[in-house]
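Coordinate inspection notes
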Amino acid sequence: MHEIGFAQWFGILELPFLLVCIYYSFKTSQTLKGGVFGTGMIYLAWGFLVMAVGHLSLQLISFFNLDIFDIIFDQPLGKVVWFIALMTTWCLSAIGFYKIYHASKS
């Protein structure tokens, strides 16, 4: 393991904040009991969860030179799965925000 720099500390600190976001996103969607706002929050929660897996993967690469996507899926499929996970995060978040935005307009 190499010396931990300023950027690496921020990478490590991202993970607990993401876990808190995931927890409260799912709790909020559960409290809203479905509906448009609850559905929007569930999309955001799943988006945060996929994002957390991606950020964990980045930290494993940074500290241990260990790419879990390449280990599980081999090259080049691991890179394709990484890209799909990235797109999934953005799409789930966008859908969630759109649903909340659309509901709040009406």
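Structural notes, computed from the coordinates. Fair warning: this is a prediction, and the values are worked out from it, not measured in the lab. Per chain, residue numbering runs from 1 following the sequence as it is written. Confidence filtering applies because this is a predicted model: local features only for residues at pLDDT of at least 70, side-chain atom pairs given and counted only at 80 or more, and all residues used for totals across whole chains, interfaces and linings. In computing side-chain properties, one takes all heavy atoms of the structure into account and sets aside hydrogens as well as water.

**Focus on the overall build of the protein**
- Numbering goes from the N terminus for both helices and strands, where a helix is a DSSP run of H or I of at least four residues and a strand is a run of E of at least two. Within the protein one finds four helices and zero strands.
- Scanning the protein from its N terminus toward the C terminus, one meets helices and strands in the order α-α-α-α.
- The buried share of the protein, taken over its 106 residues, is 27%.
- Note on areas: Shrake-Rupley with a 1.4 Å probe; residue coverage comes only from the protein chains shown. Only carbon and sulfur atoms are counted for the fraction: they give 74% of the accessible area of the protein, which is about 7,200 Å². For the exposure calls, accessible area comes from a 1.4 Å probe over protein chains only, and a residue counts as buried if that area is under 20% of its type's maximum, exposed if over 50%, partly exposed in between.

**Some thoughts on the environment of Glu3**
- Examined against the element boundaries, Glu3 turns out to sit in the segment before α1 (6–31).
- In the structure, Glu3 is positioned 53 residues away from Leu56 in sequence and 18 Å away in space, judged by C-alpha atoms.

**Here's the deal with helix α4 (residues 77–105)**
- What a helix is expected to span follows from its residue count: subtract one and scale by 1.5 Å. The end-to-end C-alpha separation of α4 is 41 Å, in line with the 42 Å expected for 29 residues at 1.5 Å each.
- By the burial criterion, the buried members of α4 are Gly78, Val81, Ala85, Thr89, Leu92, Ser93, Gly96, Ile100 and Ala103.
- Here a residue-residue contact requires only that any non-hydrogen atoms of the pair lie within 4.5 Å. For α4, the secondary structure elements touched by its buried residues are α2 (35–64) and α3 (68–73).

**Quick word on the environment of Lys105**
- On the secondary structure map, Lys105 appears in helix α4.
- Expressed as a C-alpha distance, the spacing of Lys105 and Phe37, which sit 68 residues apart in the sequence, is 12 Å.

**Comments concerning the state of the cysteines**
- Disulfide assignment relies on a single distance test, namely cysteine sulfur atoms paired within 2.5 Å. As enumerated under the stated definition, the model contains zero disulfides in all.
- The closest cysteine sulfur to the non-disulfide-bonded Cys91 is located on Cys21, 19 Å from its own sulfur.

**Some points on the packing of aromatic side chains**
- The criterion for an aromatic pair is that two Phe, Tyr or Trp rings (for Trp, the six-membered ring) have centres within 6.5 Å, with stacked assigned to planes under 30 degrees apart, edge-to-face to planes over 60 apart and tilted to the rest. Under the definition given, this model contains four aromatic pairs.
- Ring geometry for Phe26 and Trp46: centres 5.3 Å apart, planes at 90 degrees, overall edge-to-face. Taken as a pair, Phe26 in helix α1 and Trp46 in helix α2 lie far apart in primary sequence, 20 residues in all.

**Quick notes on the side chain of Ser93**
- Here Ser93 lies in helix α4.
- Judged by relative accessible area, Ser93 falls into the buried class, the value being 13%.
- Once you skip the residues sitting within four places of it in the chain, Ser93 turns out to touch Tyr43, Leu44 and Gly47.

By themselves these figures say nothing about function.
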